[in-house]
Structures are given as structure tokens and as C-alpha cells.
Amino acid sequence: MCPSTKNQKDANSITYRLTIVLKRLGICQFATMNVVFAVKQYISKMIEDSGPGMKVLLMDKETTGIVSMVYTQSEILQKEVYLFERIDSQNRETMKHLKAICFLRPTKENVDYLIQELRRPRYSVYFIYFSNVISKSDVKSLAEADEQEVVAEVQEFYGDYIAVNPHLFSLNILGCCQGRNWDPAQLSRTTQGLTALLLSLKKCPMIRYQLSSEAAKRLAECVKQVITKEYELFEFRRTEVPPLLLILDRCDDAITPLLNQWTYQAMVHELLGINNNRIDLSRVPGISKDLREVVLSAENDEFYANNMYLNFAEIGSNIKNLMEDFQKRKPKEQQKLESIADMKAFVENYPQFKKMSGTVSKHVTVVGELSRLVSERNLLEVSEVEQELACQNDHSSALQNVKRLLQNPKVTEFDAARLVMLYALHYERHSSNSLPGLMMDLRNKGVSEKYRKLVSAVVEYGGKRVRGSDLFSPKDAVAITKQFLKGLKGVENVYTQHQPFLHETLDHLIKGKLKENLYPYLGPSTLRDRPQDIIVFVIGGATYEEALTIYNLNRTTPGVRIVLGGTTVHNTKSFLEEVLASGLHSRSKEGSQVTSRSASRR
């Protein structure tokens, strides 16, 4: 056979095989609203389809993160995957006794790496899985490179996002917009990630978007274009009530990502930072080598799964209970456990306990560090004032409390600036606005110019001029009554009064009260029934506090299943980086009077 005929045959056969597999996938995968389960199923299927024998898993930088979120290395080892390699690594050995499972994003760079790989194959056979739609021309290029006929399979498995919790996903994109408009590369990546999410959950949704955000409308249109173009992929079994995709913009609620958190997962992210389930503890005073980096994954850590949504006080109590159970089984090991310090000493003194319960020793370390930071930074007092700024409307009290904390030497420049940002957002147009005085207080405290400039940048990013909603004042009688009754009863926990604006938005959506003039449908169709499967996506990043809101709504609203996603999952630090990346700060001057009443409203 002449080379051109052979290459044509290979291209046709692989292209044909790709089409067949996509059709088969639509039948064998059932619909779910659990993103961790969806991605895990894809990876299990890849490994199963390659059959028995020793395997290498070949990934890129992004798919390495995608896999690590749902599978531990030891779990994959049990499935005969003995080697994990990056496609861009030049130092890989030739191992012809291994089968290669390639899980890659369908980028030009990855296709080029694969072409080089197939021309000089290091492994016996290749099962190639792309995390999103791959063009026929790219498949043809791969077929032409496969002169040694080592490719057994080319498939599309739509695990093109980071599955954080069962109901939370991220694209790990920081800085998605330039000003109010999309960075084109990030719009493309977000469209791919969101359409992959829909395909993996088997949803062809109706789309609503936040009218006040040009970026939300643009993303809605891009997702719709992909659904129209790839209509065969989106031909799922029709449900009585169609699923709904709601696209929102972080600009509409800049308060939530600025608040300190007191539930475990959210608090760890706020104070220590969670990066693909990993927490860097290397800066913790006196940390042991084996705890410099720890993994917190609800999939593989029962204590974390049971405690991630509980508040800080409950977690400490639950760790204490676990240790006391151990003491009961080992009467000789009695020791008082009155404080976090006692618990840390207990773990260090009893290697047997450490061995028996490595996860608990990890959590004692994490909770111990959270406790140290709360005390060192005076966060209980800071958080109480943050909650007042976010939830109450007493300007005089709020101003007095912010000024008092700015004089406190324990309050860091980061927390001082955060308090002034919250004040600036809430009382932006108040008749007695005292922002210039607070800016002077920040300067006198020695707060760096970087943080002082960020105050006006945050208002430019999420101030009243750009919000499509009213974050601070309840408008209808029912909302006012609720707030009044809440004030009469007192709050259960002064540190967790705040509810993200997303809660109100979804409450209205579920009750059929979400206004179409603020959140229009894309296209002529509208949803007549109460929505059942809802996917919410936040441009500019979601938060763990919003994920907790979704978790609670899923638990308490029968018949409704919600998944939340965002370009990233923010803490305050990353949110301020998002604001900086948008470039809006360059338009505002430090200390400028951001209360201009002539500012246009949307």
C-alpha cells in the first residue's frame, strides 16, 4: 500500500471510530448532578477500556489537576496504572511493556506533542482521550503521524474542569476579564469548560444570564453557539422540565469574597489557601516535614467530609471527641484535652495514635494553625465588624467600629484595608460618607499604597454603578419583616449572619420570582415550571461560602438539584488579584471620593 493511501485509511478509520464512540458514550453514561462522580466515571472508564496489563497515565498540566481532584495515586495504582507522566516531559524513558492512557486537553500544543510521540512511540499502544471536542483536522493529523499503528482508541471524555466538591466546580482561571469585557483566550477556555460540564452531566439547558453584565451575555451566547454547532452531542433524553444554566457576574456581589469565613473548608481557603485540595503549611512555626503540605479531600478523608461545612468551634470539639474515644480504648493514655495546644501535644506524644489516625493529626495541625492566626490577627473582632458592614445598616456604629479597629496594632494592613473596602461598598452613596477620613487612617497606620489603591479599585469593580441588584437594602415588605424578626430574636452566630446574594437569587429562581428584566432568557423560550436541575456559573469566581449555600439548598429543597461553578474559587487574596487583573484600578485614584452622585445607574 502506498503511504498516502495508508495515511488516508488511518485518518478515515480513526475519524470514524471517534464518531462511533461519541454516540455510544451518550447512551451508556447516565445523567448526574455530581461533578466529582462525573469526572471519576470518565477516568475509571479510560482505565477499564485499556484492558488488563501495566499502564502509564500521560497527562498535561491541567488534566493532572483534574485527575488528582477525584483520584488518589494509590487508588489508581490499584488499577494497574504504575506510572504518571507529563506529555511535555522530554526525559521520559521508552517502556514498550506499558500501555499508554493519554488524557489531554485538545490544545494545539498537546496535539503537536502527541504527533511527536506517535512518530517515535515510547509505549506499546496508545488510548487517547481528549477532555473536550477535538477537530477532525487534528484527528487526521494524529492518524497521519501514527505510521506504526500504535493508536488503539481516540475518544472525547468531557472532564474539562476541576471538580472541587460534588456540587462545586472551577476552571482555575484567575483574571478572566479586561475591564468589563472578556479576555478572548479566557472566554474560549471558559466556554470549553462550561460546555464540557454540560456534556458530562448530560444537560442541554435553557440559558438565563445577568443583564447588567456584558460578559455574562457574551458567555451565554458562546455556550449557545457550541450547543447549536455540536447539536448531536447534546441530544440527551428529554426531561419533563428542561435543565437551566444561570450565568452571573462576580461584580454583582463583591461583598461575599471580602469576608472572613468560619466554616472549615471556607476558613482553610481564606487563611491558608486551598490549591487543588492541597494546603501549604510550610510556613507554620515548628511544622514537621511530613505535614509541610497536606491534602484535604472529602473523597478520601472521612473526618473532612463530615466537618467541611461545620463551624470552627464544632470542628475542635469533634477532634477532641475522636481523641477521647482513643483514650477510652487505651486507658493508660489519659491526658487532659482542654485546648488545641493540648491536642497537638497529645498527637506528638503518642506515635501509636498518630499512626492509627494520620488524618486526625493532620486536622489537629490545620485547626491549630487556624487558631493561631485567628488570635494573632484579632480575627474574631475583625469578623464581627465585617458582618456588621455586610448585614446591618447603622452607618454611625459601623464607622465608629472600623475607626476603632484601624487603631488596633494587632489588625494587619490586609484586614484593615478589607474593612475599609467593605465600608466603601456599603456606604458608597451615604450622605455622611467618611471614606476620605478612613483612607487617611489607613495611611497613618502604615498600610501600603498597593492596598490603599485597591479600596477604590474594588468600588470601581463592584460598586453601585455596576451592580444590577441592590445588595444592601431589602426592598419588599417580606424581606424587611424577615430582617426585623431576625433582629428581635438575635442571631445564632454573630460571625455567620451574612448570606451571599446568590441565596436570594436562587430562592427567587426556584419560586419562579426571578425577574426576567434582570435575568433574561437567551432566545425565545422560557421555563414555565419550577426548575429542577440548575447549573449556576459565576464569571470572576465563586466562593466556598456560596458553595455552602448550594449545599444547604440541595439538602432542604426537595426536587431541586443545583451545581455551582466559577472561573475560579476565591478567597479575599485571590479576589483582590482578580480586581487588579481586570485593570479597573488604573482608572481610579487613591482616596478619590467614590461617592459621586452623578454616577450613572444601570
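Summary of the structure given here. Because the structure is predicted, anything quoted here is derived from the model rather than measured.

Some thoughts on helix α2 (residues 35-49)
With 15 residues, α2 should cover 21 Å at 1.5 Å per step; its first-to-last C-alpha distance of 21 Å lies within 8% of that length. Along α2, the residues that are buried comprise V35, V36, A38, V39, K40, Y42, I43, S44, M46 and I47. Structurally, the start of α2 carries an N-cap: the backbone nitrogen of V36 is 3.1 Å from a side-chain oxygen of N34. Taken from the residues just after α2, G51 is the one with a positive phi, measuring 80°.

Comments concerning the sheet that holds strand β7 (residues 168-170)
Pairing is mixed in the open sheet, where six strands are placed in the order β6-β7-β16-β14-β11-β10. Edge positions in the sheet fall to β6 (162-165) and β10 (206-209), since each of these pairs with one other strand and no more. Along the sheet, successive strands turn relative to each other by an average axial angle of 25°, direction set aside. Alignment of β10 against strand β11 (residues 244-249), held across four bridges, turns out to be parallel. Bridge pairing in β11 places I207 opposite L245.

Points about the pattern of salt bridges
Tallied over the entire structure, the rule returns 32 salt bridges. Residue E299 is joined to K40 by a salt bridge in which the shortest nitrogen-to-oxygen separation is 3.4 Å. Of this pair, E299 sits in the loop between β13 (293-295) and α10 (302-307) while K40 sits in helix α2; the two residues are 259 residues apart in sequence, bridging distant segments of the chain. One salt-bridge network, in which partners are shared between bridges, spans E270, R377, E386, D415 and R418.

A short note on the sheet that holds strand β4 (residues 125-130)
Backbone hydrogen bonds are what pair the strands of a sheet, in a parallel or an antiparallel way. With parallel pairing, five strands are arranged side by side in an open sheet as β2-β1-β3-β4-β5. The open sheet has two edge strands with one neighbour each: β2 (81-86) and β5 (151-156). When the angles between neighbouring strand axes are averaged without regard to direction, this sheet yields 15°. In this sheet, β2 lies alongside strand β1 (residues 55-59) in parallel orientation, the contact comprising five bridges. Note that in β2 the partner of K55 across the bridge is V81.

Digging into empty space enclosed by the protein
Take a probe with the size of a water molecule and roll it over the atoms, and the empty space left behind shows itself. In this structure the tally under the stated criterion is five cavities of 30 Å³ or more. Within this model, the largest cavity holds a volume of roughly 110 Å³. Along the walls of the largest cavity sit Q210, L248, D249, R250, D252, D253, F501, L502, T505, Y519, V538 and E546, which together make up its complete lining. Elements represented by at least two residues in the lining of the largest cavity include exactly β11 and α21 (501-510). Per-element accounting of the lining of the largest cavity gives the leading share, three residues, to α21. Residues that form the lining of the largest cavity fall into these classes: five nonpolar, two polar and five charged.

Conventions we followed
Residues numbered from 1 in each chain as written. Predicted model: local features only at pLDDT ≥ 70, side-chain atom pairs only at ≥ 80, totals over all residues. Heavy atoms only, no water. Helix = DSSP H or I, 4+ residues; strand = E, 2+ residues; numbered from the N terminus. Expected span 1.5 Å × (residues − 1). Buried < 20%, exposed > 50% of the residue type's maximum accessible area, 1.4 Å probe, protein only. Polar contact = N/O pair within 3.5 Å; in protein donor to acceptor, adjacent residues only side chain to side chain. Pairing = 2+ DSSP bridges. Axes fitted to C-alpha atoms, helices over the stretch in contact; angles between N-to-C directions. Salt bridge = Lys/Arg side-chain N within 4 Å of Asp/Glu carboxyl O. 1 Å grid on protein atoms, 1.4 Å probe; cavity = no way out; pocket = protein on both sides within 12 Å on 5 of 7 lines; lining within 4 Å. Points joined across faces, edges and corners; volume = space filled by probe spheres on them. Nonpolar A, V, L, I, M, F, W, Y, C, P; charged D, E, K, R; others polar.

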